[in-house]
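Architecture at a glance
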Amino acid sequence: MAMHGMRGLSIFISDIRNCQNKEQERLRVDKELGNIRNRFKKEKGLTPYDKKKYVWKMLYIYMLGYDVDFGHMEAVSLISAPKYPEKQVGYIVTSCLLNENHDFLRLAINTVCNDIIGQNETFQCLALTLVGNIGGREFAESLAPDVQKLLLSSSCRPLVRKKAALCLLRLFRKNPDVVNVDGWADRMTQLLDERDLGVLTSSMSLLVALVSNNHEAYWTCLPKCVKILERLARNQDVPQEYTYYGIPSPWLQVKTMRALQYFPTIEDPNTRRTLFEVLQWILMGTDVVKNVNKNNASHAVLFEALALVMHLDAEKEMMSQCVALLGKFIAVREPNIRYLGLENMTRMLIVADVQESIKRHQAQIITSLKDPDISICRRALDLLYGMCDITNAKDIVEELLQYLNSADFTMHEELSLKAAILAEKFAPDLSWYVDVILQLIEKAGDFISDDIWFHVVQFVTNNDDLQPYAAAKAKEYLDKPAVDEKMVKVCAYILGEYSHLLARRPGCSPKEIFSIIHEKLPSVSTTTIPLLLSAYAKILMHTQPPDQVLQNQIWTIFTKYESCIDAEIQQRAVEYFALSRKGAAVMDILAEMPKFPERQSSLIKKAEDAEADTAEQSALKLRAQQQPSNALVVTDQHPSNGEPLPVFVGQLSVVKAPNMNNTEDHSSTEQVLSQENGNLSQVDQQPPSADPLSDLLGPLAIEGPPGATVQYENSAVSGLESGPDVVDGSAIVPVEVGTNTIQPIGNIAVRFHALCLKDSGVLYEDPYIQIGIKAEWRAHQGRLVLFLGNKNTSPLVSVQALILPPAHLKMELSLVPDTIPPRAQVQCPLEVVNLRPSRDVAVLDFSYKFGTHMVNIKLRLPAVLNKFLQPLPVSAEEFFPQWRSLSGPPLKLQEVVRGVRPMALPEMANLLHSYRIAISPGLDPNPNNLVASTTFYSENTRAIVCLVRIETDPADRTQLRMTLASGDPTLTFELKEFIKEQLVSIPTVAQAPTPAPPAAPPTPQIPPNDPAALLTDLL
Amino acid sequence: MIHFVLLISRQGKVRLTKWYSTYSKKERSKVLRELSGVILTRGPRLCNFVEWRGLKVVYKRYASLYFCMCIDPDGNELEILEIIHHYVEVLDRYFGSVCELDLIYNFHKAYYILDEILISGELQESSKRTVVRSVAAQDSLVEAAKEETGSTISNIIAHAAK
């Protein structure tokens, strides 16, 4: 039956198949392994045929899942066999059994090298395949140049060359430092002219890897890729054998579009136009057909085209077309298409401003969340998570909660984590947040990490209004019969702190609350008991005048646990018992917990970290980096750097002993008491404080110095300074920073420059506030909206925003509210009218108060000159008459600029393009020159055409000659200076670690008389 | 890129494994164990993609055999699904309406053919004709070698055994 079968092998396989059970199989395998081992030992009688047969048997046994720990040597040695049949087996079995780290592989390097450089084509193929599949560093070191030669060789057949391309790809991917690809751009460009589609497919894979590593070097490949795509998509000149179900090599189409996604933009307007036409053709021309393979292949191409459109972003019209298509896909029955529709919608959220249009599909997405297919549920969950904002958080989170009842068990963890994060991030009101988390604990307690309930405690502690509500809820949940232990913890804690606020309600007397909590004690573990004891102590303290019966009850419990084997429980019992007999003094010691300092939620940080882990050097990530998210939702960000440790230790002590500095009487008993207090309250506060501190300090907080010592130091400090100051939080001011206490997140200058080039994004962010901007420009008018988002759970007060407009701008800011409520975002429209050309910059003087911090920041506003430009490509017939009519200064100015940041011409074109100055290619006969034009709008000048010519010197890229012409002398001058600022090399501030965006703008030069100039230092 | 290719029967028997990313022996058996658990238990009429450990597995069932390929999360799933089908079509053309038994007794052929379709986890050749032609060329090389050494004892034994 076997075609070129080996009888021995077939018999063995039959034997295995005839085994009745696993045990028989193992016996048969062991017997065979013993046999092979013996035969290999006395190698003398072994014919090549035998060797081949045994090596195959080994591979078979290995596939069955048995350990094969010998015979690798024999497999590798077959590679050196002189004849093809043995060599082939040696190569294939070796590449299946071994991986690149295997020592035996070294034995083969020489043979493999000889086969690759040798004249035998079939040997070359075998060797290239092995290296392409498992070649490691040593192969790269000794072989890369030879493989490169094979790929380019005109005497090699396509069979060898396509293998060489993929072999080289592996070597480069694994060891980019070893494989020298300098100067490969030209060769890749040549390779893209390849007629053999097999070689072209392999070469395209290689190009994807090269471009993802360094797109700048390969820009000459870009037009070729577009050409290949056009040829395939339009089915021009594609051999029959390379069409798959009538579709010209869908794989090559996909790969080509993948390669294109690594180029940040496409500058050449012709190439761009061609590409968009092809993409449009693909988007419009893909129909659903009956044949599943044809359908899959055409949709593989379609989804890649969608990804490319998302990446190029530019055509707003196509983007909405994409959203519409995806909206259609997520509603179809075919599960693959639905899955991909959801997945791509999520991707689109990252790269484009489509939140609003995607929200329209919310109901459909929620239906998918309940799909029986867990893969689809996961995509729907991710999408809901991504599209959630303050407007739909309530709906989405409630859906997630509801779904938790029926969801696949493996989804519970992810679901509850995401629900908790969304609830925290977008809670429209805090009582809702508490509700959600308590429901989550009730439904999926096992999956709720401690962080989550620590946070509830933190929110409740920090918000006085919330406390009675939380206490009532806690009582309600604890009243239920079977309660998750986490629920007992959080409820007991909240009731201990705040149940006295409910005292007047029926069923909420201290006695009743106590018995509700105490009912749970027999069923909880030792880690929860200390929390319950603390709650009892607090309840007792709040019962004024003391209730004898309750007191005796609680004392009995304390006494009972005085001899508990668990040290924590024992200590609490002893200390609470002693304390509660001290009468009124206990009021201070067991007073309510102080507010927690605000900081990044560990939960959200964790989510961000997890997200950062998953994406590697993927196209998606690169795309996302090239286009920073312009989402304006209030999100917490990573702090730019960890704040100094000592500060937090100081803070620690403040949290631990809240009231003791206020005690006026410093008698010795008091001192003893407060030390005891420090000790005690440290224990007492561990559950919640473990969280806030663990965010930044990890175990430090828990293993920190005992309360007494810290507290002693603290009182020493407070003795020197004024006590209340320390307590009310100014202790977190790092000494070296002085009065400027708030560290902005992200670089303000970088943010400003980014916003000069785009119309929405974050202008400023610090731990308390995020200021976002969204702008629309029409001719000489602009409308900006400032989004002021309070990131905290406490209000920001004394909010003031003043605009300091330069003389050429008329700016009107609508009313800015004095207070921004917790976690709210307010929008303040700002109207701008441009009166005349000028490069001066408007400044926003913004201040707010948080706690005791008065924060004042001055921010440059991106209402800059280029916002009033409109790119205007002109033809030669339009350009030259105007250029000639504007002769000489002051309408036409020429300047030789030196110290230019060296850049290639396309890069410069791209830079101008990003400032809305349109390049007209081909107008200037000299290829080293650029001719560009734009329209400038202001109230005084109205629309006015500006013409630009830049003559570069290919021998010296640091200098160029620039000529500007327009009908307005001020405009000519200002625009000339503006462009110069963009071109001149200025040591820029540390740039964001993006993979070289096309035009990272240098800091514009600001003349010393500019009011904004003084501010740059501050910023 | 494709990290690995697995062929697993409905009963969980492994029919082919090919690893393009570096996995140790231990990791390989762990992957096989976990993925057979995930994929074989999936019901019919679900999508062909499974998310697993931050990667994506594209799979398709042909009769009693599951073909699985693992890719990066941002890979193009449908493209991979059709690479699977392309492989199956080539197998079909080579064996003439292929069945699981063909792949059991000629598992080495399945490897040869896969090597002509994928290298380094990337598609090497999308023309079925070209693939089948180069596999046939290899077969004839093996045959030729056999005839050439027809007189050696090994081959006498081999022929006798046939």
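These figures come from a predicted structure and were not determined experimentally.

Comments concerning the confidence of the model for chain A
In low-pLDDT regions, the fine details of the predicted coordinates are not to be read closely. All names here are of chain A. Mean pLDDT over chain A works out to 79, with 81% of the residues at or above the 70 mark. Long-range and interchain partners of residues 612-740, a stretch whose pLDDT sits below 50, account for 191 contacts in this model, where long-range means more than four residues apart. This stretch, residues 987-1019, has a pLDDT under 50; its non-local contacts, to residues over four places away or in other chains, come to 59 contacts.

Looking at unusual backbone geometry
Residues and elements named next belong to chain A. In this structure, P890 follows P889 across a cis peptide bond, with omega equal to 0°. By secondary structure assignment, the location of P890 is in the loop between α40 (876-885) and β12 (892-898). The residue N235 is not glycine, and still its phi comes out positive at about 55°. Relative to the elements of secondary structure, N235 occurs in the loop between α12 (221-233) and β1 (243-244).

Focus on the interface of chain A and chain B
One frequently used descriptor of interface size is the decrease in accessible area upon assembly of the parts. Taken together, the contact between chain A and chain B spans 84 residues of the former and 73 residues of the latter. Summed over both partners, the interface of chain A with chain B buries about 7,100 Å², with 54% contributed by carbon and sulfur atoms. For the pair chain A and chain B, the number of links is 11 salt bridges. Put simply, D67(A) and K25(B) hold a salt bridge, and the shortest N to O gap is 4.0 Å. Our count for the contact surface shared by chain A and chain B stands at 44 residue pairs in polar contact (both at pLDDT 80 or more). When grouped by side-chain class, the residues that make up the side of chain A that touches chain B number 39 nonpolar, 24 polar and 21 charged.

Digging into the sheet that holds strand β4 (residues 55-62) of chain B
If you trace the 5 strands from one edge of the open sheet to the other, you get β2-β1-β5-β4-β3 (chain B), paired in antiparallel fashion. Either end of the sheet is taken by a strand with one partner, and the two such strands are β2 (14-19) and β3 (49-52) of chain B. Averaged over neighbouring strand pairs, the angle between their axes works out to 20° when direction is ignored. Across 4 bridges, the pairing between β3(B) and β4(B) is antiparallel. Looking at β4(B), one finds that E51(B) is bridged to K56(B). Packing of helix α17 (residues 335-351) of chain A onto the sheet brings it into contact with β3 and β4 of chain B, and relative to β3(B) it is tilted by some 45°.

Concerning the pattern of salt bridges
One pass over the full model with this rule turns up 68 salt bridges over all chains. Between R42(B) and D373(A) there is a salt bridge, and its shortest N-O distance comes to 2.9 Å. Residue R42(B) is found in the loop between α1 (25-40) and β3, and its partner D373(A) is found in the loop between α19 (362-369) and α20 (374-387); the two belong to separate chains. Judged on exposure class, the residue R42(B) and its partner D373(A) are both buried. Of the charged contacts in the structure, one is a salt bridge between E34(B) and R53(B), with a shortest N-O distance of 2.4 Å. Separated by 19 residues along the polypeptide, E34(B) in helix α1 and R53(B) in the loop between β3 and β4 bring together distant segments of the chain. Overall, R53(B) belongs to the exposed group, its relative accessible area being 53%. A network of salt bridges, in which partner residues are shared, links R378(A), R379(A), D382(A), E414(A), K418(A) and E51(B).

Overview of the environment of Y20(B)
Residue and element names in this part refer to chain B. You can see Y20 is positioned in the loop between β2 and α1. Judged by its relative accessible area of 1%, Y20 falls in the buried class. For Y20 and L118, which are 98 residues apart along the polypeptide, the C-alpha to C-alpha distance reads 9.5 Å.

Digging into the packing of aromatic side chains
If you walk through the whole model with that rule in mind, you get 28 aromatic pairs over all chains. Ring plane angle 85° and centroid distance 5.4 Å describe the contact between F879(A) and F880(A), whose orientation is recorded as edge-to-face. Relative to W883(A), the ring of F879(A) lies with its centre 5.4 Å away and its plane at 20°, an arrangement referred to as stacked. Here F879(A) and its partner W883(A) are both found in helix α40, 4 residues apart, which amounts to about one turn of the helix. Every member of this aromatic cluster is reached through a ring pair, and the members are F12(A), W56(A), Y60(A), F107(B), Y111(B) and Y112(B). The cationic tip of R234(A) hangs over the ring face of W281(A); the distance from NZ or CZ to the ring centre is 4.8 Å. Of note, R581(A) hangs over the ring of W555(A), and the distance from its end group to the ring centre comes to 5.6 Å.

Examining the sheet that holds strand β7 (residues 809-813) of chain A
Remark on secondary structure: sheet strands pair via backbone hydrogen bonds, oriented parallel or antiparallel. All names here are of chain A. In spatial order, the strands read β3-β4-β5-β8-β7; together these 5 strands make up an open sheet with antiparallel pairing. Edge positions in the sheet fall to β3 (760-765) and β7, since each has one partner strand and no second. Each neighbouring strand pair of the sheet contributes to a mean axis angle of 25°, computed without reference to strand direction. Here β3 pairs with strand β4 (residues 769-778) via 5 bridges, running antiparallel.

Quick look at the environment of R195(A)
Residue and element names in this part refer to chain A. Topologically, R195 is positioned in the loop between α10 (184-191) and α11 (197-213). The exposure class assigned to R195 is exposed, which follows from its relative accessible area of 53%. Along the chain, R195 and V238 lie 43 residues apart, while their C-alpha atoms are 9.8 Å from each other. In contact with R195, not counting residues within four places along its chain, are R231 and D237. One polar contact links R195 to D237, side chain to side chain, over a distance of 2.6 Å.

Comments concerning the packing of helix α13 (residues 250-260) of chain A against helix α15 (residues 292-312) of chain A
Residue and element names in this part refer to chain A. Contact geometry of α13 with α15 gives a least axis separation of 9 Å together with a crossing angle of 10°. Considered as vectors, α13 and α15 are oriented roughly parallel to each other. Note on element contacts: α15 touches α13 through A297, A300, V301, E304, A305, L308 and H311, opposite P250, Q253, V254, M257, R258 and L260. Split by residue class, the contact of α13 with α15 holds 9 nonpolar, 2 polar and 2 charged.

Observations concerning helix α9 (residues 158-174) of chain A
Between its first and last C-alpha atoms α9(A) spans 24 Å; for 17 residues at 1.5 Å apiece the expected length is 24 Å, and the two agree. Counting buried residues along α9(A), 14 of its 17 residues qualify, which places the element largely inside the surrounding structure.

Digging into helix α27 (residues 510-520) of chain A
Residues and elements named next belong to chain A. Among all positions in α27, only I513, F514, I516, I517 and K520 are buried. Down the axis of α27, the buried set is contained in an arc of 160°. They therefore lie on one face. Elements that come into contact with the buried residues of α27 comprise α25 (466-478), α26 (485-498), α28 (529-542) and α29 (548-561).

Digging into the packing of helix α1 (residues 7-18) of chain A against helix α3 (residues 48-63) of chain A
Residues and elements named next belong to chain A. Their axes nearest at 9 Å, the elements α1 and α3 cross at an angle of 25°. When the axes of α1 and α3 are compared, the pair comes out roughly parallel. Here α1 runs over α3; the crossing is right-handed. For the pair formed by α1 and α3, the contact residues are R7, G8, L9, F12 and I13 on the first element and Y49, K53, W56, K57, Y60 and I61 on the second. Looking at the contact of α1 with α3, its residues break down into 7 nonpolar, 1 polar and 3 charged.

Side note on the side chain of T189(A)
Residues and elements named next belong to chain A. Among the secondary structure elements, T189 is positioned in helix α10. Within the structure, the side chain of T189 is placed 2.5 Å from the backbone oxygen of A185, a separation counted as a polar contact. If we ignore the near neighbours within four places in the chain, the residues touching T189 are T220, C221 and K224.

Considering the pairing of strand β1 (residues 2-9) of chain B
Residues and elements named next belong to chain B. A large share of β1 lies buried, amounting to 8 of its 8 residues. Note that β1 and strand β5 (residues 65-71) share 7 bridges and pair antiparallel. Within the sheet, the bridge partner assigned to L6 lies in β5 and is C68. Sheet analysis places β1 next to β2, joined by 5 bridges and oriented antiparallel. Within the sheet, the bridge partner assigned to V5 lies in β2 and is K18. Hairpin remark: β1 followed by β2, antiparallel, with 4 residues in the connecting loop; positive phi at G12, about 90°.

Calculation criteria
Residues numbered from 1 in each chain as written. Chains lettered and ligands numbered in written order. Predicted model: local features only at pLDDT ≥ 70, side-chain atom pairs only at ≥ 80, totals over all residues. Heavy atoms only, no water. pLDDT = per-residue confidence, 0-100. Contact = heavy atoms within 4.5 Å. Helix = DSSP H or I, 4+ residues; strand = E, 2+ residues; numbered from the N terminus. Buried area = accessible area lost by both parts, 1.4 Å probe. Salt bridge = Lys/Arg side-chain N within 4 Å of Asp/Glu carboxyl O. Polar contact = N/O pair within 3.5 Å; in protein donor to acceptor, adjacent residues only side chain to side chain. Nonpolar A, V, L, I, M, F, W, Y, C, P; charged D, E, K, R; others polar. Pairing = 2+ DSSP bridges. Axes fitted to C-alpha atoms, helices over the stretch in contact; angles between N-to-C directions. Buried < 20%, exposed > 50% of the residue type's maximum accessible area, 1.4 Å probe, protein only. Phe/Tyr/Trp six-rings, centres within 6.5 Å; stacked < 30°, edge-to-face > 60°. Lys NZ or Arg CZ within 6 Å of the ring centre and 35° of its normal. Parallel < 35°, antiparallel > 145°, perpendicular 65-115°, else oblique. Expected span 1.5 Å × (residues − 1). Arc of directions from axis to C-beta. Left-handed = near helix turned anticlockwise from the far one by under 90°.

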